[in-house]
Amino acid sequence: MMRKAFTLLELLVVVGIMGLLGTVSIGAYRSVVRGMEERGAVQNASQFVRAAFQRAMIDRQPTAIYFWNETIRASSDDENEIVVGKAVAVRRAGRITGVDSNYLYDEFADLDRTYPVSDSSSPRASGMYLYQMDDISGESGFKRSRVYDSVYRSEVAEMYLLEPVGTAVDPSDDGSEYYSGCDSKKAEVKFQNKQPDEGKLGICAFILQNGGGSGGPNWAVGDAYGFEFQTIELPKNFIFGSSYSKTMSSPVKEAGRMVFGGGAGGYAQLSDNTSSTKTIEIRALRPNAAGNLSPEKVGETADPTKELE
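These numbers come from a predicted model, not from an experiment.

**A closer look at the pattern of salt bridges**
Alright, step 1. This structure, assessed with the given rule, holds ten salt bridges.
Alright, step 2. Ionic pairing is found between Glu281 and Lys297, a salt bridge with its closest N-O pair at 3.6 Å. Linking Glu281 in strand E13 (residues 281–287) with Lys297 in strand E14 (residues 293–300), this pair joins segments that are 16 residues apart in sequence.
Alright, step 3. A residue is classified by how much of its surface remains accessible, and Lys297, at 45% relative accessible area, is partly exposed.
Alright, step 4. Close ionic contact of Glu300 with Lys297 constitutes a salt bridge, the shortest N to O distance being 3.8 Å.
Alright, step 5. It is possible to trace a salt-bridge network through shared partners that takes in Glu281, Arg283, Lys297 and Glu300.

Printed below as a string of structure tokens:
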């Protein structure tokens, strides 16, 4: 049985149909991939927020999430910019009780039980971020300093109320007894350590790298501090909100925050402060009609106070 020979027109029709099917397949594949990226970015960010919220409820400590967008490549004549959305969850850990140059002391925390101890002249080279958490519900942006991952331990002599300064003298005209060397004739008496070489107390301090660096917070006694316990980075050209920097000279653009605990609503709700939100938008940078990247909304994080659907 002889095969039927295809005419030139029939061959062109077959090739055209195959090309069309290939084009449709490529377009469908790209749509599937883009949909998976969008859903993955939203779901991962939602789980990140929920984990931070649950950590705040479990630990009963104020917890904040800081969102920002960071440009890792500026646009040029040949390439578009590349921007990634980032976020960090920070939990309050303690308060600063003393500041001495590059040393931030916390005499009530057993820092030497958590971090290696080194002297001031040879701290370990690596480091971590120490977040200032006094104004987490305010309008100012997140503030952090780079510190070494080892601490400095020093010993201080505590002043004990052992005996008064000076010797007792006759009561004053108003009947109150006082001691020589005191500031007044009232019953308030200054005390000193009877044995100044004994009773020393060891306290530890975080060591600021490079003096804290430029743009870091000014630490003071009583400032609350915290550490990050989880981070997230969205895929390239997925951002939080709609604002981002287009230059590498100032690549970071803050995108908002969430605060859990410590507010009027307690730990089961978000802070009532207007600067905090329950959700945050996620956008993808897509080419517009002019060929420039424009942020298009792909979804928003789920409310962490609600049950999972």
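**Comments concerning the packing of aromatic side chains**
Alright, step 1. Enumeration according to the criterion identifies 13 aromatic pairs in this entry.
Alright, step 2. A ring pair is formed by Tyr103 and Tyr105, whose centres lie 6.5 Å apart and whose planes are at 45 degrees; its orientation type is tilted. Like Tyr105, Tyr103 is buried.
Alright, step 3. In textbook terms, an aromatic cluster arises when at least three aromatic residues are bridged by ring pairs, as seen for Tyr66, Trp68, Tyr129, Tyr131 and Phe142.
Alright, step 4. Here the basic side chain of Arg144 rests over the ring of Tyr129, its NZ or CZ set 3.8 Å away from the ring centre.

**Section: the sheet that holds E13**
Alright, step 1. Spatial strand order, E11-E13-E14: three strands in an open sheet with antiparallel pairing. In this open sheet, the two edge strands, each paired with only one partner strand, are strand E11 (238–240) and E14. For this sheet, the mean angle separating the axes of adjacent strands, direction not counted, is 35 degrees.
Alright, step 2. Alignment of E13 against E14, held across seven bridges, turns out to be antiparallel. Among the inter-strand pairings, Pro287 is bridged to a residue of E14, identified as Leu293.

**Structural notes on the environment of Arg73**
Alright, step 1. Along the chain, the position of Arg73 falls in strand E1 (residues 63–73).
Alright, step 2. Measuring from C-alpha to C-alpha, the distance between Arg73 and Val84 comes to 10.0 Å, with eleven residues separating the pair along the chain.
Alright, step 3. Here Arg73 is in contact with Glu79, Asn80, Glu81, Ile82 and Met248, once residues within four sequence places are set aside.
Alright, step 4. Polar contacts involving the side chain of Arg73 include one to the main-chain carbonyl oxygen of Asn80, which spans 2.8 Å.

**Observations concerning the pairing of strand E2 (residues 82–95)**
Alright, step 1. E2 sits mainly inside the fold: ten of its 14 residues count as buried.
Alright, step 2. Summarising the sheet, E1 and E2 pair through ten bridges and their orientation is antiparallel. Residue pairing for E2: Ile65 is matched across the bridge by Ala89.

**Considering the environment of Val151**
Alright, step 1. If you trace the backbone, Val151 turns up in strand E6 (residues 143–157).
Alright, step 2. A relative accessible area of 0% places Val151 in the buried class.
Alright, step 3. Between the C-alpha atoms of Val151 and Leu208, which are 57 residues apart in sequence, the distance is 9.9 Å.
Alright, step 4. When residues no more than four places from it in sequence are discounted, the contact partners of Val151 are Leu111, Asp112, Tyr115, Pro116, Val117, Ser118, Cys204, Ala205, Phe206 and Ile207.

**Some details on the pairing of E13**
Alright, step 1. Most of E13 sits out of view: five of its seven residues are buried.
Alright, step 2. Judged from the three bridges that link them, E11 and E13 form a sheet pairing that is antiparallel. Across the sheet, Ile239 pairs through a bridge with Arg283, a residue of E13.
Alright, step 3. Counted along the chain from E13 to the antiparallel partner E14, the turn is five residues long, and its residue Gly291 has a positive phi close to 90 degrees.

**Examining the nonpolar core**
In a soluble, globular protein the nonpolar side chains are often hidden away together inside.
Alright, step 1. In terms of nonpolar packing, the biggest core is built from 21 residues, with Ile65, Phe67, Phe240 and Phe260 touching the most fellow members.
Alright, step 2. At the level of elements, helix H1 (8–59), E1, E2, E11, strand E12 (252–260) and E13 are the ones that each hand at least two residues to this core.
Alright, step 3. With eight residues, the single largest contributor to this core is H1.
Alright, step 4. Discounting residues that sit within four places of it in the chain, Phe240 has contacts with Ala45, Phe67, Trp68, Asn69, Gly85, Lys86, Ala87, Leu234, Ala255, Ile280, Glu281 and Ile282.
Alright, step 5. In this structure, Val151, Cys204, Tyr225 and Phe227 belong to the second largest nonpolar core, which totals 14 residues.

**As for unusual backbone geometry**
Alright, step 1. Phi at Ser101 takes a positive value of approximately 60 degrees, unusual for a residue other than glycine.
Alright, step 2. With respect to the helices and strands, the residue Ser101 is situated in the loop between strand E3 (98–100) and strand E4 (103–105).
Alright, step 3. The exposed category is assigned to Ser101, whose relative accessible area is 60%.
Alright, step 4. Despite not being glycine, Asn237 shows a phi value in the positive range, around 65 degrees.
Alright, step 5. The buried category is assigned to Asn237, whose relative accessible area is 17%.

Cut-offs applied
Residues numbered from 1 in each chain as written. Predicted model: local features only at pLDDT ≥ 70, side-chain atom pairs only at ≥ 80, totals over all residues. Heavy atoms only, no water. Salt bridge = Lys/Arg side-chain N within 4 Å of Asp/Glu carboxyl O. Helix = DSSP H or I, 4+ residues; strand = E, 2+ residues; numbered from the N terminus. Buried < 20%, exposed > 50% of the residue type's maximum accessible area, 1.4 Å probe, protein only. Phe/Tyr/Trp six-rings, centres within 6.5 Å; stacked < 30°, edge-to-face > 60°. Lys NZ or Arg CZ within 6 Å of the ring centre and 35° of its normal. Pairing = 2+ DSSP bridges. Axes fitted to C-alpha atoms, helices over the stretch in contact; angles between N-to-C directions. Contact = heavy atoms within 4.5 Å. Polar contact = N/O pair within 3.5 Å; in protein donor to acceptor, adjacent residues only side chain to side chain. Core = buried A, V, L, I, M, F, W, Y, C linked by side-chain atoms within 4.5 Å.

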